[in-house]
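# Observations on the three-dimensional arrangement
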Amino acid sequence: MSAVSDPPPVAHHHPSKESLRERLPTFPWDKLEPYKKTAAAHPDGIVDLSVGTPVDPVPELIQKALIAAADSPGYPTVWGTPELRDAITGWVERRLGAKNVTHRHVLPIVGSKELVAWLPTQLGLGPGDKVAHPRLAYPTYEVGARLARADHVVYDDPTDLDPTNLKLLWLNSPSNPTGKVLSKEDLTRIVAWAREHGVLIFSDECYLELGWEADPVSVLHPDVNGGSYDGIVSVHSLSKRSNLAGYRAAFLAGDPAVLGPLREIRKHGGMMTSAPTQAAVVAALGDDAHVREQRERYASRRAALREALLNHGFRIEHSEASLYLWATRDESCWDTVAHLAERGILVAPGDFYGPAGEKFVRVALTATDERVRAAVVRLAE
């Protein structure tokens, strides 16, 4: 009797670290490090206009609310306190002109970036499904599609997309990085198209409070959606309007048929906003004065930087809203980054946001008045 040969080894498919890493693009900010070193060597120090991170103080009434809620030993809920839901529904109606918003129409999230990165996965999307985002966009929309192993497609006008297998359409108005704003007419047309084809819209409106030469409109406005929230959800953040990037405070508002299942999935995933943060958000959404003050700070920095860049030979496109100036010298964005780094100014290269940005840089307004003045002086030299 012949010896029985050993069975073939069982192939164990461990998801290797490489396989997950291979699905993701290079973390773009790492590429900026050498230029950051150059800029930091400037005798008067770096003016960092690359990452749009708030630098002004957290408003005192928000800090006080956080401190008052510091004794929070129990678990918070994913849906948030009734007070938080009241604050969100009240703000959405008062500020966005939305009508008939109930607690079922809102959901707190742990800052908007985690939502953008994990939404396709939480919606159950996967291979063969398509996620669409603007041609020039925040890189995390693409990351979210890749994490879910879904396909990602880009657009200039979403209504030109092939709706076959298109499961999620990201809008971003005001845009990061360009500051472009979609008009009420454009939004209305896009919402109608998406509904006709059964495409779910998530509208990233994080910069809505920062309109300069335009008055941004939400997809939640009845003129846009005809008084129905079917198939639409808007994403809002307190990071920029209230200097709360460090708190991770944001929320969704829109279709309860989308938010209900999402809430259940997020319960399983433990995606809870901390209780002190929830209390801080209630205070932040209940006060418009600090938002006006912050807007004024950004408006004056924007005016100073804009004039300095134009005088230095830059052209600025769009930038009618948001926290950035989308600027070009009609050369490779990396040449522009190097040129400004020699002057101690660090900006973000436009190709971080897609190949269409290869000749632009994104200049953030998020530096102190003193640092902005330093940049203006250096650009004039």
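Right, let's walk through the structure included here. Predicted model only: the values in this text are computed from it and were never measured.

Where helix α2 (residues 33–40) contacts helix α12 (residues 333–341), the two axes come as close as 8 Å, and the packing angle between them is 25°. Between α2 and α12, the angle is such that the two are roughly parallel. Taken together, the residues of α12 that come into contact with α2 (itself represented by Tyr35, Thr38 and Ala39) are Trp334, Val337, Ala338 and Ala341. Classifying every residue of the contact of α2 with α12 gives 6 nonpolar, 1 polar and no charged.

What follows covers the environment of leucine 166. Summarising the element assignment, leucine 166 is placed in strand β5 (residues 166–172). Given a relative accessible area of 3%, leucine 166 falls into the buried group. The spatial distance from the C-alpha of leucine 166 to the C-alpha of glutamate 213 is 33 Å, given a sequence separation of 47 residues. Setting aside chain neighbours within four positions, we find leucine 166 in contact with Lys130, Val131, Ala132, Leu161, Trp193 and Val199.

The next subject is the pairing of strand β3 (residues 130–134). Working note: regular strand, side chains alternate between the two faces of the sheet. Counting buried positions along β3 gives 5 out of 5 residues, so the element sits mostly inside the fold. Sheet topology note: the β3/strand β4 (residues 151–155) ladder contains 5 bridges and is parallel. Its bridge partner being in β4, alanine 132 is matched across the sheet by valine 153. Handedness of the β3-helix α6 (residues 140–147)-β4 crossover: right-handed. Pairing of β3 with β5 involves 3 bridges; the strand directions are parallel. Considered in β5, the bridge of alanine 132 is made with leucine 169.

All right, on to the sheet that holds β5 then. Taking strand neighbours across the sheet as the criterion, the 7 strands line up as β2-β8-β7-β6-β5-β3-β4 in an open arrangement whose pairing is mixed. Pairing within the sheet leaves two strands with one partner each, and these edge strands are β2 (106–109) and β4. Along the sheet, successive strands turn relative to each other by an average axial angle of 20°, direction set aside. Two elements, strand β7 (residues 232–237) and strand β8 (residues 250–254), share 5 bridges in a ladder whose sense is antiparallel. Counted as the bridge partner of valine 235 is leucine 252 from β8. Packed onto the sheet, α6 meets β3, β4, β5 and β6 (200–204) and runs at close to 155° relative to β4. Sheet strands touched by helix α9 (residues 256–268): β2, β6, β7 and β8. Its angle to β2, the strand with the most contacts, is close to 40°.

In total, this model carries 21 salt bridges according to the counting rule given. Among the ionic pairs, glutamate 209 bridges to arginine 241, the shortest N-O distance being 3.2 Å. On the criterion of sequence distance, the pair formed by glutamate 209 in the loop between β6 and α8 (222–225) and arginine 241 in the loop between β7 and β8 is long-range, its members being 32 residues apart. Exposure class is identical for glutamate 209 and arginine 241. Each is buried. Through salt bridges with shared partners, a single ionic network connects Asp44, Glu370, Arg371 and Arg378.

Turning to helix α7 (residues 184–196), a few remarks are in order. With 13 residues, α7 ought to run about 18 Å at 1.5 Å a step, and its terminal C-alpha atoms sit 18 Å apart, in line with that. Residues Leu187, Ile190, Val191, Trp193 and Ala194 constitute the buried set of α7. Viewed end-on, α7 has its buried residues packed into an arc of 165°, placing them on one side of the element. Looking at α7, the residues exposed on the side facing more than 90 degrees away from the buried face are Glu185 and Glu196. Buried residues belonging to α7 abut β5, β6, α8 and β7. Positioned one or two residues after α7, glycine 198 has a phi angle of 65°, which is positive.

This part is about the nonpolar core. If you look at the biggest cluster of nonpolar residues, it comprises 42 residues, and the most contacted ones within it are Val92, Leu169, Leu171, Ile201, Leu220, Leu238 and Leu285. Of all the secondary structure elements, the ones that give two or more residues to this core are α4 (82–96), β5, α7, β8 and α10 (275–285). A total of 6 residues in this core trace back to one element, the largest contributor, which is α4. If near-sequence neighbours (up to four positions away) are discounted, leucine 171 is found in contact with Tyr141, Tyr155, Pro158, Leu187, Ile190, Ile201, Phe202, Ser203, Asp204 and Val219. With 40 residues, the next largest nonpolar core counts Cys206, Tyr298, Ala327 and Trp334 among its residues.

This part takes up unusual backbone geometry. Cis peptide bonds are those with omega within 30 degrees of zero, and the linkage from serine 173 to proline 174 qualifies with -5°. If you trace the backbone, proline 174 turns up in the loop between β5 and α7. Following asparagine 176, the chain continues to proline 177 via a peptide bond in cis, the omega torsion being 20°. The backbone phi angle of asparagine 100 is positive, close to 55°, even though this residue is not glycine. Topologically, asparagine 100 is positioned in the loop between α4 and β2. Not every positive phi belongs to a glycine, and histidine 318 is a case in point at roughly 50°. Residue position: histidine 318 is located in the loop between β9 (315–317) and β10 (324–328). Since its relative accessible area comes to 40%, histidine 318 is described here as partly exposed.

Thresholds applied
- Residues numbered from 1 in each chain as written.
- Predicted model: local features only at pLDDT ≥ 70, side-chain atom pairs only at ≥ 80, totals over all residues.
- Heavy atoms only, no water.
- Axes fitted to C-alpha atoms, helices over the stretch in contact; angles between N-to-C directions.
- Helix = DSSP H or I, 4+ residues; strand = E, 2+ residues; numbered from the N terminus.
- Parallel < 35°, antiparallel > 145°, perpendicular 65-115°, else oblique.
- Contact = heavy atoms within 4.5 Å.
- Nonpolar A, V, L, I, M, F, W, Y, C, P; charged D, E, K, R; others polar.
- Buried < 20%, exposed > 50% of the residue type's maximum accessible area, 1.4 Å probe, protein only.
- Pairing = 2+ DSSP bridges.
- Right-handed = clockwise from strand over helix to strand, strands pointing away.
- Salt bridge = Lys/Arg side-chain N within 4 Å of Asp/Glu carboxyl O.
- Expected span 1.5 Å × (residues − 1).
- Arc of directions from axis to C-beta.
- Core = buried A, V, L, I, M, F, W, Y, C linked by side-chain atoms within 4.5 Å.

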